[in-house]
Amino acid sequence: QVQLVESGGGLVQPGGSLRLSCAASGSIFSINVMGWYRQSPGKQRAMVATMTNGGTTKYADSVKGRFTISRDNAKNMVYLEMNSLKPEDTAVYYCNYQDLITTTTYWGQGTQVTVSS
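The structure presented is a predicted model; accordingly, all values stated were derived computationally and were not measured.

**A short note on the state of the cysteines**
Applying the stated criterion across every chain yields a total of one disulfide. Residue Cys-22 pairs covalently with Cys-95 via a disulfide, S to S 2.1 Å. Its torsion about the S-S bond being -85°, the disulfide of Cys-22 and Cys-95 is classed as left-handed. Of this pair, Cys-22 sits in strand β3 (residues 18-26) while Cys-95 sits in strand β9 (residues 91-99), and the two are 73 residues apart along the sequence.

See the structure below:
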C-alpha cells in the first residue's frame, strides 16, 4: 500500500503561481512513476505531468513551459511548480503513484486549485 498526501492548493489570480507538494509513504519501490493529474467539473481526469524515479518527464501540451514537475526520491516527495496560471487550470489536482513492475496505481485525495480574479 502507498499513501499519498497533497498540499499547496488554493485560490490564485490569473498569471499567478502555486506550488503543489505530494508526500508518499508506505511500500515505495525504486522503479516507479509519480505525477499529477487534474479533473474539472464535467471533464475526465487528465495527466498534467509525470516523472519517473530516473528523471524522465512528460507534460500535457497545455502546461508545457508553465508547469515544472520535480521529485525528491530520498524524501518520497513530488512537486508541481505552476506559473502563469490561467482560469482553465482550475481543477482538483491529484497526486499519482504507479509501481512500474506491478502497475499498481495509487491516488491522493486531491487538492483544489482555483484561478480567478
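**Structural notes on the nonpolar core**
Counting residues in hydrophobic clusters, the biggest one holds 27 residues, and the most contacted among them are Leu-4, Trp-36, Leu-80, Met-82 and Tyr-93. Going through the elements one at a time, β1 (2-7), β3, β4 (32-39), β5 (46-52), β7 (67-72), β8 (77-82), β9 and β11 (111-115) are the ones with two or more residues in this core. With residues near it in sequence (within four places) discarded, Met-82 still touches Gly-16, Ser-17, Leu-18, Leu-20, Arg-66, Phe-67, Tyr-93 and Val-113.

**Concerning the sheet that holds β8**
An order of β1-β3-β8-β7 is seen for the four strands of this open sheet, with the pairing classed as antiparallel. Only two strands of the sheet have a single partner each, and these edge strands are β1 and β7. Adjacent strand axes in the sheet meet at a mean angle of 15°, parallel and antiparallel pairs treated alike. Direction of pairing for β7 relative to β8: antiparallel, over a ladder of six bridges. Looking across to β8, one finds that Thr-68 is bridged to Glu-81.

Rules behind the numbers
Residues numbered from 1 in each chain as written. Predicted model: local features only at pLDDT ≥ 70, side-chain atom pairs only at ≥ 80, totals over all residues. Heavy atoms only, no water. Disulfide = S-S within 2.5 Å. Helix = DSSP H or I, 4+ residues; strand = E, 2+ residues; numbered from the N terminus. Core = buried A, V, L, I, M, F, W, Y, C linked by side-chain atoms within 4.5 Å. Buried < 20%, exposed > 50% of the residue type's maximum accessible area, 1.4 Å probe, protein only. Contact = heavy atoms within 4.5 Å. Pairing = 2+ DSSP bridges. Axes fitted to C-alpha atoms, helices over the stretch in contact; angles between N-to-C directions.

Shape is all these values report; function is a separate question.
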